[in-house]
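Below are the chains, spelled out letter by letter.
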Amino acid sequence: MSFLTIAPVWLLCLLPASISCFTHHHATPSHSIAVSTQQQQYYALSSDLSRKQRRDFSVLQAAKRRGGAMSRRKTQEESRSDNAESTTKGFDNEATSVSQQTIPASKSNTIYSMPSLYDLAFGYRCYEEEVEFLLDAHDKYSTSDKNVPVRILELAAGPARHSLAALSEHPPSSVDSVVALDLSQEMVNYGKENADHELGSAGGRRDSFEYACGDMRDFAGLSSTKFDTAWILLGSMSHLLTNDDVIRCFSSLRSALKPGSTVVVELPHPRETFSMGECTRNGWTVPLVEDDEEEYGELNIVWGDEDDEFDPIAQVRDFTVAMTLKVNNPEDIPKEDPLFLQMDEDGKTEVKEIVPMRLFTLQEIDALARCAGLEMVAKYGALDEEVAMTEEDDAYRMVCILRCKE
């Protein structure tokens, strides 16, 4: 997705046990454990597990619960039904365009134009638990009126999984509405289809979700009503390569939010910046499974390679991003599923490109936020209130809680 994505080394800390991981210099053994077996091990050994291990287990469970079109192949009948359903829900072919200005080359035109692959690659995230943290952080640090349901703005929202979890898991008395923004038209279209599936037809919770196509640095006119909180997650800000771009984004947020509102920014931990003496290859594998748990293919992801260039002056790494989707039996490719539309006769889809991404320090985010009228009020080492940023083992993210000055 445009202006959104993940970085390499720290990403491995997020992966659940059922996803095979690898690095070029420090290979992690591939393994796949049945959930039922791991449940038994978890409850038997829970007293010996670290917080991170317990979190990884809950993420695995969440990934199993999600299932759906991303990790489980639908039957042809289900696919035809889904296609017919999406055409009857008024899905727009063209999303709202917020900015018509030229977009810099840092925006990817391939990986983010294949949203179903992207969604599958990062579908292990526990969106429900992460949204709980985001809403709790707003309640704790906002100085605006907390007696009204919150209006949420998510920038670089991609498949919009956090936005949809906020609406599907929380009643209107808690979450009023969500507006998502992404630079990729394909992601916007895909996110709207996800909303149709997750939130139901018009007239219900689906009416509380809007998705616009636009630039996260400049989204004036996105909404006439101010927002209560804004989210920039999954390392999205790493696509803003200059200080001017970051300040423009923060200034736009300052204008779109109520005084005292919150902004949550999730980025790689600064350890990533200060350990970037040598680029390594990092990746993981997501199995494709039938409803009966039988594997029928896999998606291999590389996010950062050993030949990547890193500029220590600009703090920008040119990430090699590659995805390979393949099925075991090419004759059994489910053509109706959009995930497989670009697959060749050998049962394989491959995409590869270079994505420049900036690595930030905490003090940079603090200073840039101040330039736009925001202040840093808290920091965490994960989307988990129990993980301090200074923790050696559990802190693998840089989560900054910003607040709009009164």
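Going by the structure above, here's the rest.
Residues numbered from 1 in each chain as written. Predicted model: local features only at pLDDT ≥ 70, side-chain atom pairs only at ≥ 80, totals over all residues. Heavy atoms only, no water.

## Focus: the pattern of salt bridges
On inspection of all chains with the given rule, the structure shows 15 salt bridges. A salt bridge links R125 to E130; the shortest N-O distance between them is 2.9 Å. Each of the two residues, R125 as well as E130, counts as buried. Beyond isolated ion pairs, a larger network of salt bridges with shared partners links R125, E130, E266 and R397. (Salt bridge = Lys/Arg side-chain N within 4 Å of Asp/Glu carboxyl O. Buried < 20%, exposed > 50% of the residue type's maximum accessible area, 1.4 Å probe, protein only.)

## A look at the packing of aromatic side chains
Considering all chains together, one arrives at seven aromatic pairs under this definition. Summarising the aromatic geometry, the rings of F122 and W303 are spaced 5.3 Å apart at their centres and angled 80 degrees between planes, so their arrangement reads as edge-to-face. On the criterion of sequence distance, the pair formed by F122 in the loop between helix 5 (115–121) and helix 6 (127–141) and W303 in strand 9 (residues 295–303) is long-range, its members being 181 residues apart. With respect to burial, F122 and W303 carry one shared label: buried. (Phe/Tyr/Trp six-rings, centres within 6.5 Å; stacked < 30°, edge-to-face > 60°. Helix = DSSP H or I, 4+ residues; strand = E, 2+ residues; numbered from the N terminus.)

## Quick notes on the nonpolar core
One finds L153, L155, M237, F250, L253 and V265 to be the most contacted residues of the largest nonpolar core, which totals 35 residues. Of all the secondary structure elements, the ones that give two or more residues to this core are strand 3 (150–155), strand 4 (175–182), strand 6 (227–232), helix 9 (243–256), strand 7 (257–268), helix 11 (362–371) and strand 14 (397–404). The element that contributes the greatest number of residues to this core is helix 9, accounting for five residues. Here M237 is in contact with I232, V246, C249, F250, V265, L267, F360 and I365, once residues within four sequence places are set aside. Listed in part, the 33 residues of the second largest apolar core include A160, L167, V175 and L233. (Core = buried A, V, L, I, M, F, W, Y, C linked by side-chain atoms within 4.5 Å. Contact = heavy atoms within 4.5 Å.)

## Notes on helix 9
Between its terminal C-alpha atoms helix 9 stretches 20 Å, which fits the 20 Å expected from 14 residues at 1.5 Å a residue. Within helix 9 the residues assigned to the buried category are D245, V246, C249, F250, S252, L253 and A256. Along helix 9, the residues classed as buried sweep out an arc of 155 degrees about the axis, all on the same side. Opposite the packed face of helix 9, turned more than 90 degrees from it, sit the exposed residues D244 and S255. (Expected span 1.5 Å × (residues − 1). Arc of directions from axis to C-beta.)

## Section: a negative patch on the surface
On the surface, a cluster of negative charge is made up of E129, E132, D136, D139, E169 and E385. In terms of residues, the negative patch owes the most to one element, helix 6, which gives four residues. What makes D139 partly exposed here is its relative accessible area of 45%. (Patch = residues over 30% accessible without salt bridge, like charges linked within 9 Å, V, L, I, M, F, W, Y side chains within 5 Å. Areas by Shrake-Rupley, 256 points an atom, 1.4 Å probe, with all protein chains shown as cover. Lys, Arg positive; Asp, Glu negative; His and termini not counted. Charge placed at Lys NZ, Arg CZ, Asp CG, Glu CD.)

## Considerations on the side chain of S208
Mapping S208 onto the fold places it in the loop between helix 8 (185–199) and strand 5 (209–213). For S208, a relative accessible area of 16% corresponds to the buried category. Setting aside residues up to four positions removed in sequence, S208 forms contacts with L167, D176, S177 and V178.

## Description of the environment of H162
Among the secondary structure elements, H162 is positioned in helix 7 (residues 161–169). A sequence separation of 34 residues divides H162 from E128, and the C-alpha atoms of the two residues are 7.5 Å apart. Only 2.6 Å separates the side chain of H162 from the side chain of E130, close enough to count as a polar contact. (Polar contact = N/O pair within 3.5 Å; in protein donor to acceptor, adjacent residues only side chain to side chain.)

## Here we look at the pairing of strand 3
Most of strand 3 is tucked away: six of the six residues are buried. Side chains V150, I152 and E154 of strand 3 all project onto a buried face; the interleaved residues R151, L153 and L155 project onto the opposite face, where all are buried too. Inspection of the sheet shows strand 3 paired to strand 4 by six bridges, in the parallel sense. Each residue of the ladder has a partner; that of L153, found in strand 4, is V179. Of the crossover connections in this fold, the one passing from strand 3 over helix 7 to the parallel strand 4 is right-handed. Where strand 3 and strand 6 come together, four bridges link them in parallel fashion. The residue of strand 6 that forms the bridge with L155 is I232. (Pairing = 2+ DSSP bridges. Right-handed = clockwise from strand over helix to strand, strands pointing away.)

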